[in-house]
Amino acid sequence: MLINILIISPFVGAILLGFLYLLRHKLKFSQGLFATLGMSAPIVSLICAGVLFFGLKEPLNVTLFNWIGVGEFSINIGFYLDSLSLLMGFFVTFLAALIHFYSIGYMNGEDGFGKFFAYMNLFLGSMLVLVFASNPLVMFVGWEGVGACSYLLIAFYFESKDNVKAGNKAFIVNRVGDFGFVIGLATLYLAVGNLGFDYESLSQNANLIPANLAMIIGICFICGALAKSAQIPLYTWLPDAMAGPTPISALIHAATMVTAGVYMIVRFDFLYANLGSLLEGLALLGAFGALFAGIIATKATDIKKILAYSTMSQLGYMFAGLAFSAQASMYHLFTHGFFKALLFLGAGAVIIALHHEQNIFKMGNLRSQKMLFYPMLFGTLAICGVFPFAGFFSKDALILGAFLSGNYLIFGILLFTAGLTSYYMFRLFFLVFYSKNQAPKVHKVPFSMIFVNVILSVFALLGGFVAVFLDLAHVDLGAEIIGGIVSLGVAFVGIFIAYKKFYNYQNRAESLGKFESVVANKFYIDEIYDFVFVKSLKNLSVIFKEIFDEKILAPLVNLVANLVKIFGVIYTKITQNGLANSYAFYMVLMIAIFVLYVKVEL
Amino acid sequence: MLNLYLSVAIILFVIGVVGVLARKNIFSVFMSVELMINAAALVFASFARQNLSFDGHAAVMLIIALAAAEASFGLALIVLLYKQKSSLNIESFNELRDGNAN
């Protein structure tokens, strides 16, 4: 029962808010009404999730009703509550409630206030469906729901063409991955679906899938995960998605939606348990993605885009971790959710305080603003993995896990990326709070934003204790301490370099060398994609339109049409003369033919 | 005997059809239609005789009544058409042709 309320309340909230928003001009609703209504759904869901999380001990499979039943094909709407989905659901509702509250301050006075909360509630509902789904098809419904909401929210400021383009980009790139997901789902169903398509029966029957087929299904699902989690090669949408309002960036593109890819791979662990080589390939891709995004982030200038690349980089860590310890990946997912939400919301506070300035080289000397300074400091320390912040434990678990499982290449990349992370994060931090650049005059930041940032700061500090809820494999304490010291050392090297370069920086832009300008242009990947996929398809279409269609097909079709027309004209000129006896003649002729036919047949 | 009657009926009917198809004078066409009707009536009558049944005779009576009605109506129509065109040539009566179908 609780699970029904948990899932339904955000949808009800979204629908109500949507209708009220449509009627806002007629009935003069106040912003407070929208805020109250928008807040109620996540709070109800949070309470339900909390009760379920702390109350439920055994995995529970709740079936609500039969959704599709055609012959043997039968899909139920149902929810699966085990420790994984409950922890994830609790985490999502918790973050969502905080970010909803933050948004009240951030979106204050905007025309689309009600619409924003309707979308946010809808997003929360879709995310919960994704997390709690009892079978892959229902998960796919949630999966597409969050995709649609992210499209709506990225393009929230739809007056600007660039924002709409960014929304489209996110949507289309995600469709590429979804193709893989859908193909995987269909293949999985054809393989073992007739024995039951929910996770419980699938995990029992997973060993019946032939090895090659399992490999194909695994690759298809990974394809979907790569798009949703913004990994190479389908990552290009994430930096552009920063066009949306900052709470969106925090909720969707850092804490919940992009982690859905990792969650999905963990959810299908029964499938991947036998596909070690595939996961290792994915780990390599993830590690390389982490490094790649880190390199781009070192030269980015937009505060939110730096955070976007760091998200991509941290998600790469999670994918890398899936090969040796899914639990460690989930651990990093949760801690990352806390401090990335904090970083984004802190950045949002900075942006609001500075009149929507997003270029970090045009900020500076903000350390006197304590309410901006400390959240960002905590978040930055957490993502850099400085003891005792949350990121330290989870990142260390991943790096040490890579080392102990013998993936030295991945270990090396991850360790180096950890240093790189602290470099670019502290580059941002020092530029914003210490550099000698003159920032614009500082605004007052609304209370709700400060409040949420403070809470999240606490969680960034203490989030490591999520480990209590995960049964992480413990290795030798000595090895853990050595690993911790090594990664801490790497982090401090990165921080030190950033300190040297940017502590007293005073230039409105960074001077760029040849390689650096390539990095600053994101390795021209967007341009390459544009050239390879967009331009080439466009040119092909133009060729088809102008040569194939206009020169060959259209004349051919017109020729046929004209021939028919000419014959038709000739025929009617002869036959349709209006004379009764000639019509009678046709009639007699037809009857004669018919009689002959009958005669011959008999 | 029956075959003879039927042969006469077929001959009458074919004369009627050819008359309808080939004659130009609207009166001849009209009379040819009457011939076809009479051929049909003859077939009914001969089968009625053959089967010793009165059903065919009833049909013949109906046909005669129909032919009478048709004759009065058709003649009136011809008079009207002649007033319009001052001609009895059937080829001048194609006013109902679909002018668009060209």
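Residues numbered from 1 in each chain as written. Chains lettered and ligands numbered in written order. Predicted model: local features only at pLDDT ≥ 70, side-chain atom pairs only at ≥ 80, totals over all residues. Heavy atoms only, no water.

Under the annotation held in an unreviewed UniProt entry, chain B carries the name NADH-quinone oxidoreductase subunit K and is attributed to Campylobacter iguaniorum. Quoted verbatim from the Catalytic activity (unreviewed entry) field of UniProt, the annotation for chain B is "a quinone + NADH + 5 H(+)(in) = a quinol + NAD(+) + 4 H(+)(out)". (UniProt positions renumbered as here; feature names shortened; annotations may be inferred.)

Under an unreviewed UniProt entry, the name given to chain A is NADH:quinone oxidoreductase I, membrane subunit L, and the source organism is Campylobacter iguaniorum.

Comments concerning helix α2 (residues 26-51) of chain B
Residues and elements named next belong to chain B. Its 26 residues place the ends of α2 38 Å apart at the C-alpha level, agreeing with the 38 Å of an ideal helix rising 1.5 Å per residue. By the burial criterion, the buried members of α2 are Ile26, Ser28, Val29, Phe30, Ser32, Glu34, Ile37, Ala39, Ala41, Ser46 and Ala48. Against the buried residues of α2 lie α1 (2-22) and α3 (55-85). One side-chain oxygen of the residue at the start of α2 lies 2.7 Å from the amide nitrogen of Phe27, identifying that residue as Asn25. Leu52, located one to two residues past α2, shows a positive phi value of around 50°. (Helix = DSSP H or I, 4+ residues; strand = E, 2+ residues; numbered from the N terminus. Expected span 1.5 Å × (residues − 1). Buried < 20%, exposed > 50% of the residue type's maximum accessible area, 1.4 Å probe, protein only. Contact = heavy atoms within 4.5 Å. Polar contact = N/O pair within 3.5 Å; in protein donor to acceptor, adjacent residues only side chain to side chain.)

Here we look at the interface of chain A and chain B
The interface is formed by 11 residues belonging to chain A together with 12 residues belonging to chain B. Among the residues of chain A in contact with chain B, Gln576, Leu579 and Asn581 of chain A are the three that bury the most area, contributing 47% of the side total. For the interface between chain A and chain B, the tally reads 0 salt bridges. In this assembly, chain A and chain B are joined by 1 residue pair in polar contact (both at pLDDT 80 or more). Secondary-structure elements contributing two or more residues to the side of chain A that touches chain B are α23 (525-575) and α24 (580-601) of chain A. Taken together, the residues of the side of chain A that touches chain B break down into 5 nonpolar, 5 polar and 1 charged. (Buried area = accessible area lost by both parts, 1.4 Å probe. Salt bridge = Lys/Arg side-chain N within 4 Å of Asp/Glu carboxyl O. Nonpolar A, V, L, I, M, F, W, Y, C, P; charged D, E, K, R; others polar.)

Some thoughts on the packing of α24 of chain A against α1 of chain B
Close contact between α24 of chain A and α1 of chain B brings their axes to 8 Å; oriented N to C, the two are set at 135°. Here α1 of chain B runs oblique to α24 of chain A, going by the angle between their axes. Two secondary-structure elements touch here, α24 of chain A through Asn581, Ala584, Phe585 and Val588 of chain A and α1 of chain B through Val17, Val20 and Leu21 of chain B. (Axes fitted to C-alpha atoms, helices over the stretch in contact; angles between N-to-C directions. Parallel < 35°, antiparallel > 145°, perpendicular 65-115°, else oblique.)

Some details on the nonpolar core
Residue and element names in this part refer to chain A. By size, the foremost hydrophobic cluster in this structure holds 178 residues, and its most contacted members are Phe132, Phe221, Phe268, Tyr272 and Phe433. Counting residues per element, this core draws most heavily on helix α16 (residues 326-353), at 17 residues. Setting aside residues no more than four positions away along its own chain, Phe433 makes contact with Val350, Asn365, Leu366, Arg367, Leu372, Phe373 and Met376. Membership of the second largest hydrophobic core comes to 17 residues, among which are Ala287, Ala402, Leu414 and Leu420. (Core = buried A, V, L, I, M, F, W, Y, C linked by side-chain atoms within 4.5 Å.)

Regarding the pattern of salt bridges
With the rule as written, the count across this model stands at 10 salt bridges over all chains. One salt bridge connects Arg175 of chain A with Asp178 of chain A, and the closest N-O pair in it is separated by 2.5 Å. In this pair, Arg175 of chain A and Asp178 of chain A both sit in helix α7 (residues 161-192), 3 residues apart, roughly one turn of the helix. Residue class for Arg175 of chain A comes out partly exposed when judged on its relative accessible area of 21%. Overall, Asp178 of chain A belongs to the buried group, its relative accessible area being 4%. A salt bridge links Glu91 of chain B to Lys24 of chain B, with the shortest nitrogen-to-oxygen separation between them at 2.6 Å. With Glu91 of chain B in the segment after α3 and Lys24 of chain B in the loop between α1 and α2, the pair connects residues that are 67 residues apart, well separated along the chain. Residue Glu91 of chain B is classed as partly exposed on the basis of its relative accessible area of 39%. Of the residues examined, Lys24 of chain B reaches a relative accessible area of 41% and is grouped as partly exposed. The network of salt bridges with common partners includes Lys169, Asp240, Lys522 and Asp526 of chain A.

Description of the UniProt feature "transmembrane region" (unreviewed entry) in chain B
Residue and element names in this part refer to chain B. UniProt's entry tags residues 6-22, 29-48 and 60-82 with the feature "transmembrane region" (unreviewed entry), counted in the numbering of this structure. In the segment residues 29-48, helix accounts for 100% and strand for 0%; the C-alpha atoms at its two ends are 29 Å apart. Annotated as 100% helix and 0% strand, the span residues 60-82 places its first and last C-alpha atoms 32 Å apart.

Side note on the layout of surface pockets
Take a probe with the size of a water molecule and roll it over the atoms, and the empty space left behind shows itself. Residue and element names in this part refer to chain A. In this structure, the largest pocket occupies an estimated 1,000 Å³ of space. Forming the boundary of the largest pocket are 34 residues, of which Lys165, Ala166, Lys169, Asp240 and Asp526 lie nearest the centre. Within the residue set of the lining of the largest pocket, elements represented by two or more residues are α7, α10 (237-240), α15 (303-322) and α23. In terms of residue count, α7 provides more of the lining of the largest pocket than any other element does, 9 residues in total. Mapped onto the domain boundaries, the lining of the largest pocket takes at least three residues apiece from domain 1 (275-510) and domain 2 (530-601). (1 Å grid on protein atoms, 1.4 Å probe; cavity = no way out; pocket = protein on both sides within 12 Å on 5 of 7 lines; lining within 4 Å. Points joined across faces, edges and corners; volume = space filled by probe spheres on them. Domains from an automatic or database assignment.)

As for the domain arrangement of chain A
Domain boundaries in chain A define domain 1 (275-510) and domain 2 (530-601). Relative to domain 2 of chain A, the C-alpha centre of domain 1 of chain A lies at a distance of 69 Å.

With respect to the side chain of Ser310 of chain A
Residue and element names in this part refer to chain A. Relative to the assigned elements, Ser310 resides in helix α15. For Ser310, a relative accessible area of 0% translates into the label buried. The residues contacting Ser310, other than those within four sequence positions of it, are Lys340, Ile383, Tyr424 and Met425.

Things to note about helix α21 (residues 477-502) of chain A
Side chains that are three or four residues apart share a direction in an α-helix, a result of its 3.6 residues per turn. Residue and element names in this part refer to chain A. Across its 26 residues, α21 extends 37 Å between first and last C-alpha, which sits within 8% of the 38 Å expected from 1.5 Å per residue. For α21, the complete set of buried residues consists of Gly483, Gly484, Ser487, Leu488, Ala491, Gly494, Ile495, Ala498 and Phe502. The secondary structure elements touched by the buried residues of α21 are α17 (370-384), α18 (390-404) and α19 (408-433).

Focus on the UniProt feature "domain: NADH-Ubiquinone oxidoreductase (complex I) chain 5 N-terminal" (unreviewed entry) in chain A
With numbering matched to this structure, UniProt assigns "domain: NADH-Ubiquinone oxidoreductase (complex I) chain 5 N-terminal" (unreviewed entry) to residues 67-117 of chain A. This span, residues 67-117 of chain A, is 57% helix and 25% strand, and a straight line between its end C-alpha atoms measures 29 Å.

A short note on unusual backbone geometry
All names here are of chain A. Omega for the bond connecting Ile232 with Pro233 falls within 30 degrees of zero, at 0°, which places this linkage in the cis form. Note that Pro233 resides in the loop between α9 (211-228) and α10. Positioned with a positive phi, His355 is a non-glycine residue whose angle comes to about 55°. When you line up the elements, His355 lands in the loop between α16 and α17.

A closer look at a nonpolar patch on the surface
All names here are of chain A. On the surface, a cluster of nonpolar side chains totalling about 800 Å² of accessible area is made up of Phe54, Met371, Val454, Val458, Leu462, Phe465, Val468 and Phe469. Among the elements that take part in the nonpolar patch, helix α20 (residues 447-462) stands out by supplying 3 residues, more than any other. Its location among the elements puts Val458 in helix α20. (Patch = residues over 30% accessible without salt bridge, like charges linked within 9 Å, V, L, I, M, F, W, Y side chains within 5 Å. Areas by Shrake-Rupley, 256 points an atom, 1.4 Å probe, with all protein chains shown as cover.)

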